Amino acid sequence: MAYETARTAPPEGFPKLADIPAGRYVDPAFLALEQEGLWKRSWLYAGHVDQLPEPGSWFLVRNTGSPILIVRDLQGDIRAFYNSCRHRGGPLVKEEAGTARGFVCGYHGWSYTLAGDLTAIRDKRDFVDFDFSCRSLIPVRCERLGGWIFINEDAEAGSLIDSLGPVAAELEQFAIDDLTLVDSRGYDVACNVKILLDAFLEVYHLKSIHQSTVDRFLDHRGTTITLWPGGHSRMTTPNRRPDWTDPGTKGMPPIPSVTEIPRDNNVSYNIYPNIVMPPASTGLPMLVFWPRSDRTMRIECHWFSPRVGAEGLSPLWPKRIDNFERILYEDLQFAPQIQESVQSPGFRGMPLNYQERRIYHWHEELDRRIGLNRVPAEQRVEQLLEDWVETE
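Keep in mind the model is a prediction, meaning the values are calculated, not measured.

A.B. asks: Help me understand the overall build of the chain in this model?
C.D. replies: Regarding its fold elements, the chain presents eleven helices and 19 strands. For a compact globule of 392 residues, the expected C-alpha radius of gyration is about 21 Å, and the chain comes in at 23 Å, within 12% of that figure. Overall, the C-alpha framework of the chain stretches about 80 × 60 × 40 Å when taken along its three principal axes. Here the chain holds 392 residues, and 53% of them are scored as buried. Restricting to contacts in the chain with at least 6 residues of sequence separation, those with at least 24 account for 65%. Of the accessible surface of the chain, which amounts to about 18,500 Å², a share of 49% is contributed by carbon and sulfur atoms.

Set out below in structure tokens:
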């Protein structure tokens, strides 16, 4: 951080970053490639184990574009299935969450166990050579990191832990197995998902957007950045005063295993593709960015905390969340106008600087996931940062 504060130019050998093509934010053909290659083939946050407190608990998610049922079966294992009856596609559940001993399609009454096995159909006599074993619910890959549940619609994808690389080990210090879900909120924003996500991958904007809040206590010029394989990254920004403490965390018990750097500075992780996590030693928010259409998105904010006392949670959390929300609204304020701008002839592309290299890293990984040979030449991002990616 001292080096970053003192430098007068980018480090020797850092490449001149090519402009990010404008079409990556507005071109329907490119955005279709992104939907197929990224959102349908990545490990994505689905929920927390607290949402499945007992066998038979379930909840429904639609953020990937498909309705997916997350359920705890009778053995306590967590599974995921498409919310689609194998007969004619009727929904197994119509509510957002609940508890059941099994699932019955409301359209024609086909019945399934919590493990997805088909057990009964109406008027079996009218089906010729019907094989129940071939008509189980279609599963979705489902794995956990601590209490966080992730899903992946790509049946051939590698494991969650392998895809996370160094991020998984980095997060162990926050005792993620023991965190409980405090609160969840969502915000709809009229912009392409990458427009808002870009803003959370840099602190170049602090002096403009957060003059009376974050910029008062963070020194953006001392920010250090770590790029990891798979598009993941970490950003660490020092406090202006070494003795400064976030007033929103005062009085909240710390997680003892949190190490010095995240305890005394502002650290923010990007778990590729769409999670931004700025933890503190007292708990952490998880911001999850979801596309709704080419021009709209939703940001979900989930807060996690160690359990405290008989009530399980610190009574200071509501105030902390309210403070965080005020800062979030500062980040949201220009998003619809930026969307207007990128759709105009005035937007020709994005020239990024050294401080903004996490954005470039994110786009490089997007092209790799789509397939470099599949991205049209005019929309492609030149692969420049390989030598700046840390593997451990």
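More follows now that the structure is in view.
A.B. asks: Hey, could you run me through the packing of helix α3 (residues 28-39) against helix α11 (residues 357-370) in this one?
C.D. replies: Helix packing geometry: the angle between the two helix axes and the distance between the axes. Two numbers describe how α3 lies on α11: the axes approach to 8 Å, and their chain directions differ by 80 degrees. Of the possible angle classes, the one that applies to α3 and α11 is roughly perpendicular. Contacts between α3 and α11 involve Phe 30, Leu 33, Glu 34, Gly 37 and Leu 38 on the former and, on the latter, Trp 362, Leu 366, Asp 367, Arg 369 and Ile 370. Here the contact of α3 with α11 is composed, by residue class, of six nonpolar, one polar and three charged.

A.B. asks: I keep staring at the pairing of strand β13 (residues 224-227) and nothing clicks. Help me out?
C.D. replies: Strand residues, when the strand is regular, have side chains that alternate between the two faces of the sheet. As defined by bridge partners, β13 adjoins strand β14 (residues 233-237) across four bridges and the pair is classed as antiparallel. Within the sheet, the bridge partner assigned to Leu 227 lies in β14 and is Ser 233.

A.B. asks: It is not clear to me how the layout of surface pockets should be interpreted in this structure. Could you clarify?
C.D. replies: A probe matching the size of a water molecule, rolled over the atoms, marks out where space remains unfilled. Estimated volume of the largest pocket: approximately 1,200 Å³. Phe 217, Trp 244, Asp 246, Asn 266 and Ile 327 are the residues nearest the centre of the largest pocket, which is lined by 50 residues in total. Sorting the residues of the lining of the largest pocket by element identifies β14, α8 (260-264), β15 (266-271), β17 (284-293) and α9 (317-332) as the ones contributing at least two each. Top element by residues in the lining of the largest pocket is α9. It accounts for eight residues. Its residues placed into classes, the lining of the largest pocket shows 24 nonpolar, 15 polar and eleven charged. In this structure, the second largest pocket spans a volume of roughly 510 Å³. Looking at the second largest pocket, it is lined by 22 residues, and the ones nearest its centre are Ile 195, Asp 198, Ala 199, Glu 202 and Ile 338. When contributions to the lining of the second largest pocket are tallied by element, the ones reaching two or more residues are α6 (193-199), α9, α10 (335-342) and β19 (349-350). Among the elements that take part in the lining of the second largest pocket, α6 stands out by supplying four residues, more than any other.

A.B. asks: Could you clarify how one ought to interpret the packing of aromatic side chains in this entry?
C.D. replies: Think of a pair of aromatic rings as described by two things: how far the centres are apart, and how the planes are tilted against each other in angle. Scanning the model with the defined rule gives 16 aromatic pairs in all. Here Tyr 45 and Phe 150 contribute two aromatic rings whose centre-to-centre distance is 6.1 Å and whose plane-to-plane angle is 80 degrees, an arrangement assigned as edge-to-face. Within this pair, whereas Tyr 45 is found in strand β2 (residues 44-48), its partner Phe 150 is found in strand β11 (residues 148-152), the two being separated by 105 residues in sequence. Overall, the relative accessible area of 4% leaves Tyr 45 in the buried class.

A.B. asks: Looking at this structure, how should I read the nonpolar core?
C.D. replies: Soluble globular proteins tend to bury their nonpolar side chains together. Within the largest apolar cluster, 86 residues are counted, with the highest numbers of intra-cluster contacts made by Leu 145, Trp 148, Leu 171, Leu 196, Met 277, Phe 289 and Ile 299. Per element, the largest residue contribution to this core is six residues, and it comes from β17. When near neighbours in sequence (up to four residues on either side) are disregarded, Leu 145 contacts Phe 150, Leu 160, Ile 161, Leu 164, Ala 168, Leu 171 and Ile 176. Listed in part, the 18 residues of the second largest apolar core include Leu 92, Leu 114, Leu 118 and Leu 137.

A.B. asks: How should I be thinking about the pattern of salt bridges in this particular structure?
C.D. replies: For side chains bearing opposite charge, pairing can occur when the charged atoms are close. Within this structure, the stated rule accounts for 18 salt bridges. Taking the shortest distance from any N to any O, the salt bridge between Glu 153 and Lys 40 comes out at 3.1 Å. Placement of Glu 153 in the loop between β11 and α4 (160-164) and of Lys 40 in the loop between α3 and β2 is noted, with a sequence separation of 113 residues between them. For Glu 153, a relative accessible area of 19% translates into the label buried. A relative accessible area of 23% places Lys 40 in the partly exposed class. Arg 298 is paired through a salt bridge with Asp 188; the nearest N and O atoms lie 3.0 Å apart. Residue Arg 298 is found in strand β18 (residues 296-306), and its partner Asp 188 is found in strand β12 (residues 179-189); the two are separated by 110 residues along the sequence. Since its relative accessible area comes to 21%, Arg 298 is described here as partly exposed. A relative accessible area of 58% means that Asp 188 is categorised as exposed. Linked by salt bridges that have partners in common, Asp 183, Arg 185, Asp 322 and Glu 325 make up one network.

Cut-offs applied
Residues numbered from 1 in each chain as written. Predicted model: local features only at pLDDT ≥ 70, side-chain atom pairs only at ≥ 80, totals over all residues. Heavy atoms only, no water. Helix = DSSP H or I, 4+ residues; strand = E, 2+ residues; numbered from the N terminus. Rg over C-alpha atoms; globule rule 2.2 N^0.38 Å. Buried < 20%, exposed > 50% of the residue type's maximum accessible area, 1.4 Å probe, protein only. Contact = heavy atoms within 4.5 Å. Areas by Shrake-Rupley, 256 points an atom, 1.4 Å probe, with all protein chains shown as cover. Axes fitted to C-alpha atoms, helices over the stretch in contact; angles between N-to-C directions. Parallel < 35°, antiparallel > 145°, perpendicular 65-115°, else oblique. Nonpolar A, V, L, I, M, F, W, Y, C, P; charged D, E, K, R; others polar. Pairing = 2+ DSSP bridges. 1 Å grid on protein atoms, 1.4 Å probe; cavity = no way out; pocket = protein on both sides within 12 Å on 5 of 7 lines; lining within 4 Å. Points joined across faces, edges and corners; volume = space filled by probe spheres on them. Phe/Tyr/Trp six-rings, centres within 6.5 Å; stacked < 30°, edge-to-face > 60°. Core = buried A, V, L, I, M, F, W, Y, C linked by side-chain atoms within 4.5 Å. Salt bridge = Lys/Arg side-chain N within 4 Å of Asp/Glu carboxyl O.

This is a description of form; function is not addressed.
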